[in-house]
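Fold and geometry: a report
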Amino acid sequence: MEQEKIEPVLSAEQVLAPPSQRMVLLRRAAGPVLSVAMLCLALWALHLLAREVDYHQVRRYVQGLSDDRLLLAMLFTTLGYAVMTLYDRFGLASIGRQLPWRRVSLIAFISYAFSNAVGMSLLVSGSIRYRFYIQNGLSTGEVARVVLFCTTSFWLGLLTLSGVTLWYVALPVDFPLATLRLPAAALLTLLPLAWLVLGGLVKRPLRVWHWHLSLPSVSTGVRQILVGAFDWALAAAVLYVLMPDQLNQGFGHFLAIFMIAQMIGLISHVPGGLGVFEAVMLAGFGATGNEALTAPILGALAAFRVVYYLLPLCAATVLVLQREARGLRQKALLKPWFTGLLPSFFAGLTLVSGVVLLFSGATRAVPDRMAILRHLVPLSVLEVSHLLASVIGMLLLILARGLQRRLDAAYVLTLVLLVAGAVFSLLKGIDYEEAALLTLLAMALAPAHRLFYRRASLFSTSFSVGWVLAIVAILGCATWLVMFSYKHVEYSDTLWWEFSFHQSGAPRALRALVAAAAAGMLFALASLIRPLRLSREPPGEAELAQALPLIKQFPSAQAHLALMADKTLLFDAAHKAFVMYGVAGRSWITMGDPVGVDEDARRELVWAFLEQCEHAGGWPVFYQVSPAALDLYLEVGMNLLKIGEEARVRLDTFNLDGKSKKTLRGTVNKLARDGLRLEIVPAESVGALLPRLKQVSDAWMRDKKVREKRFSMGAFDPRYLVRTPMAVVWQGEQVVAFANLFLSDTRQEASVDLMRHLPDGPTGIMDYLFVELMLWARQEGYRWFNLGMAPLAGLQNRRQAPLWNRFGALVFGRGERFYNFRGLQRYKDKFDPEWEPRYMAVPRGIALPMILTNVASLISGGLSGVVRR
């Protein structure tokens, strides 16, 4: 139930990174590595605790469970997941937001079903919640508060129920923690009580490092504790009804051991507490070396995993597929939040399918089914099918990452392997349950091809540390299953070469395990030798020549900023689009949307840029993006912040008529009478004028006491200025003002970038320049004239507005010391433009303050330039 952050693996660039950066990367990898280490220890403990137990004994106990017990366990599971939806409902109420109850319940159920089943909050749970709540109007801060409320309720319930139970229930004498029962009970009970007392006494937010936390009221705190306690009690009840009768010493005694086992499992950070929870439960009930107790407990735990984890996962799958089918029947697009989570949903199910195939290949086949199969297929078909089913299981684990990244190749291969896996499941042991699961997933995935549009190579996809270690952990669990299932088979070298219907199945399991591991290693080697595309070099003349046709055909004239050559250009494979970006700190910041008219190429570039940032351990940031392209960034799970509004003048309606234009009209007419004239100088003739333009630029900068900015605007660089036409204002033979022009071949938009004028020039000279340019652009057939962005304009400082909007509105109103926010907006507004919002797409998380600092530093040419006017 806890969000995990997806972090990049160590690439070649990161290995060669400075020592401080390597330490950061190693600290990020420490958590997943520790989880895998804990899982290995738990599996080893299970191996020791269950060394006398046979696989068939566990199976017999599960098969012998009565229908009444199973139905009662399912009832408690249903009630438990219904209680879990209250976490989100009360969390939304705590921040004063209301959303449709049915929709919140659906999202909460799907989220918990996935995170509980396979511990895949890094894959699905976090992205489901984030996408859903952002799409429904919540800010990033509000989503974080809801998640914090749910997590706090989860732990408060765990601590309270554990503490109260330990107060009243004695632990077995031989239990390792029995002597610490009362001190532990006191500590566990004290923490929730302290939470309630602080909520009643402390009215001001508490400062915890860089954050301010508001404590809930006593009534809200009690609600959190009750919901969390009911959740845990119902989870315990599911396992309680499945336990063997000879261990029934009352629900209180069982609950104490269950809560301790769950707490240790959570602290271990092993997904789902797998192995850790089982080992503690065996130790708690004194099953060490006791074959009569160990097998039933392991059978009850296996049934618990199926009823409490796997069945809700299947129900969540049916709900999602039902909504997808409804959307297809109506021939309408699914709702944005739902469409956005489907790739991750299919990735999670594909991962689960791979686990099922690997675990099936590691365990014994059902004898009755093998007896039937012996008369239907040759031995060679059985052996090959068993081997290939496990190999397909490993490949599905890898392809799940490609599905999450929306790769077309991953979609096609997954579809083929699911069908092949279903066939091989039948041929290797008539495992119709597995075949049905794989077939249903293939049928659900088949009509979703439109969601997987990327043509990138699977070998170029980055795998996070968590993902790699998850695959390693799954393979480790499969290895343990082989050892457990065939522990009574004496190992010898001849096992590898035994092929028979009558043998126990150990040779087939060993061969399948090694083949699956080999498939994973081959893919890893192929990925390691892939060519690196990482580059941070400024573009040369050849790259600029490739970019120029794309710039000229792009609707936004701001694409001409690439000609400044201060930003790295990243092209797609076919050179149909590019992004321009700069790097400041850990932030990799693009200027504007991907440039190009091919939508598929632009979409692929967003993914490619994201993956390059992951390889380098950086934060991807898309600065000053337009509303028309927001879906490109939402699809990759980024957060959107409004950073201002861009002013665009519609040229076919622009004129100087009317009372509102009286002052502007008078200024332009007066300067025309004073002898000012505008000349449009073509790019090839600009070089000869540069010495005279340099004098104007230097005088302007001395008067304003500023230095050149970069990135989102041009500078006086001769190599840049000779690439664009120039608008020059003359007064007689003297240059009094100039501006370089951005002109597209489509005549869609014209704009200016670098604008300078003599400090002692005529008053209103910039008004004259803009008006004359707009009249000239209209005459040339251009539709729009872009006046550029007014930073922080249009942000609302309202109570229900997101925190970023309120902060931006405050800076806009009171930040004149650092930047003329209001003055710039008022100046552009007198030309009657149409204002269009501009956004910055950033990764979700707590890195936003550093990202904003990096963006400001990149634009201003350093941190010192941020505070200079």
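This structure is a prediction, so every number in the text was calculated from the model and none was measured. (Residues numbered from 1 in each chain as written. Predicted model: local features only at pLDDT ≥ 70, side-chain atom pairs only at ≥ 80, totals over all residues. Heavy atoms only, no water.)

Here the focus is the sheet that holds strand S9 (residues 726-731). The mixed open sheet is built from eleven strands, whose spatial order is S3-S4-S5-S6-S13-S7-S12-S11-S10-S9-S8. Of all the strands in the sheet, the pair left with one neighbour each is strand S3 (568-571) and strand S8 (676-681). Each strand of the sheet is rotated relative to its neighbour by a mean of 30°, with strand direction disregarded. Pairing of strand S7 (residues 639-650) with strand S13 (residues 834-842) involves nine bridges; the strand directions are antiparallel. Residue Glu 645 lies in a different strand from S13, and its bridge partner there is Pro 837. Contacts from helix H21 (residues 599-616) reach S3, strand S4 (578-584), strand S5 (587-591) and strand S6 (619-625), with the element oriented near 140° to S6. Those strands touched by helix H24 (residues 686-704) are S8, S9, strand S10 (734-743) and strand S11 (749-757), and its axis lies near 110° from that of S10. (Pairing = 2+ DSSP bridges. Helix = DSSP H or I, 4+ residues; strand = E, 2+ residues; numbered from the N terminus. Axes fitted to C-alpha atoms, helices over the stretch in contact; angles between N-to-C directions. Contact = heavy atoms within 4.5 Å.)

For S6 and S13, the ladder comprises two bridges, and the chain directions are antiparallel. In the sheet register, Phe 622 faces S13, and the bridge partner there is Ala 841.

Okay, the pattern of salt bridges next. Summed over the entire model, instances satisfying the criterion amount to 25 salt bridges. Between Glu 541 and Arg 723 there is a salt bridge, and its shortest N-O distance comes to 2.8 Å. On the criterion of sequence distance, the pair formed by Glu 541 in helix H20 (residues 541-553) and Arg 723 in the loop between helix H25 (718-721) and S9 is long-range, its members being 182 residues apart. Of the residues examined, Glu 541 reaches a relative accessible area of 55% and is grouped as exposed. The exposure class assigned to Arg 723 is partly exposed, which follows from its relative accessible area of 22%. Glu 646 is the salt-bridge partner of Arg 838, the closest N and O atoms lying 2.6 Å from each other. (Salt bridge = Lys/Arg side-chain N within 4 Å of Asp/Glu carboxyl O. Buried < 20%, exposed > 50% of the residue type's maximum accessible area, 1.4 Å probe, protein only.)

Quick look at the packing of aromatic side chains now. Throughout the structure, instances matching the rule amount to 30 aromatic pairs. Seen in terms of ring centroids, Tyr 623 and Phe 711 are 6.4 Å apart; in terms of plane orientation they differ by 45°. Their pairing is tilted. Here Tyr 623 is found in strand S6, whereas its partner Phe 711 is found in the loop between H24 and H25, with 88 residues between them in sequence. Across the pair, Phe 711 and Tyr 623 agree in class, each one buried. Here the aromatic residues Tyr 81, Phe 109, Tyr 240, Phe 251, Phe 254, Phe 258, Phe 277, Phe 285, Phe 304, Tyr 308 and Tyr 309 are joined through ring pairs into a cluster of three or more. (Phe/Tyr/Trp six-rings, centres within 6.5 Å; stacked < 30°, edge-to-face > 60°.)

Core analysis: the biggest nonpolar cluster contains 137 residues, and Tyr 133, Leu 239, Phe 258, Met 281, Phe 304 and Phe 346 have the highest contact counts within it. Broken down by element, this core gets its largest block of residues, 13 residues, from helix H12 (residues 291-329). Sequence-distant contacts of Tyr 133, that is, excluding residues within four places in its chain, are made with Asp 88, Leu 92, Leu 99, Val 104, Leu 138, Val 143 and Val 146. If you look at the next biggest cluster of nonpolar residues, it comprises 83 residues, including Tyr 623, Val 668, Ala 737 and Phe 831. (Core = buried A, V, L, I, M, F, W, Y, C linked by side-chain atoms within 4.5 Å.)

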